[in-house]
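Survey of secondary and tertiary structure
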Amino acid sequence: MTVYAQIYAVVQQIPPGKVATYGQVAELANLAGKARLVGYALARVAGDDRDIPWQRVVNARGEISYSPFRQGNDYLQRALLEREGVQFDAADRVNLRVYRWRPGEPDGHTSL
């Protein structure tokens, strides 16, 4: 399995209405300390109609990370998350205490 495939396998486990951070995805993919690599992998699929819910990954502050390589996808990402019921505060952040995916918990189902 390639490194990107490891990342995509983790991201595919994030349920609708939940988010994970880049660092969290890296750790779960056995790539601790490689949060940027997660970002690069997701930039390749962002906006595609693939079966990888890239929009469910945010930065450690609960913000959507802007990328000049994915212009316009930050607005799309927010719209997709809001459609799933994820709310943003006045500072454009997701409350990670509320929406963070916790694998193994009742609402954070996963096969990892």
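These lines cover the structure that appears in this document, whether it is placed above or below. Because the structure is a prediction, the values reported are computed rather than measured. (Residues numbered from 1 in each chain as written. Predicted model: local features only at pLDDT ≥ 70, side-chain atom pairs only at ≥ 80, totals over all residues. Heavy atoms only, no water.)

1. Details of helix α1 (residues 3-11)
- Turning to α1, its buried residues number three or more, namely Ile7, Tyr8, Val10 and Val11. Along the axis of α1, the buried residues cluster in a sector spanning 160°; they form a single face.
- Looking at the buried positions of α1, the neighbouring elements they touch are α2 (22-28), α3 (35-43) and β2 (57-58). (Buried < 20%, exposed > 50% of the residue type's maximum accessible area, 1.4 Å probe, protein only. Helix = DSSP H or I, 4+ residues; strand = E, 2+ residues; numbered from the N terminus. Arc of directions from axis to C-beta. Contact = heavy atoms within 4.5 Å.)

2. Topic: the packing of aromatic side chains
- Scanning the entire structure with this criterion turns up one aromatic pair.
- Of note, Arg78 hangs over the ring of Phe88, and the distance from its end group to the ring centre comes to 4.3 Å. (Phe/Tyr/Trp six-rings, centres within 6.5 Å; stacked < 30°, edge-to-face > 60°. Lys NZ or Arg CZ within 6 Å of the ring centre and 35° of its normal.)

3. Side note on the nonpolar core
- Counting 21 residues, the largest nonpolar core has Ile7, Val11, Val25 and Leu42 as its most contacted members.
- Counting residues per element, the ones that place at least two in this core are α1, α2 and α3.
- Here the element with the most residues in this core is α1; it accounts for four residues.
- Those residues in contact with Val25 that lie beyond four places of it in its chain are Ile7, Val10, Val11, Ile14, Ala20, Val38 and Val57.
- Listed in part, the nine residues of the second largest apolar core include Val58, Ile64, Leu81 and Leu96. (Core = buried A, V, L, I, M, F, W, Y, C linked by side-chain atoms within 4.5 Å.)

4. Description of the pattern of salt bridges
- Following the criterion strictly, the structure yields five salt bridges and no others.
- Across the pair Glu84 and Arg56 runs a salt bridge, and its minimum N-O distance is 2.8 Å. Placement of the pair is Glu84 in the loop between α4 (73-83) and α5 (96-99) and Arg56 in the loop between α3 and β2, with a sequence separation of 28 residues.
- Arg56 sits in the buried class, given a relative accessible area of 10%. (Salt bridge = Lys/Arg side-chain N within 4 Å of Asp/Glu carboxyl O.)

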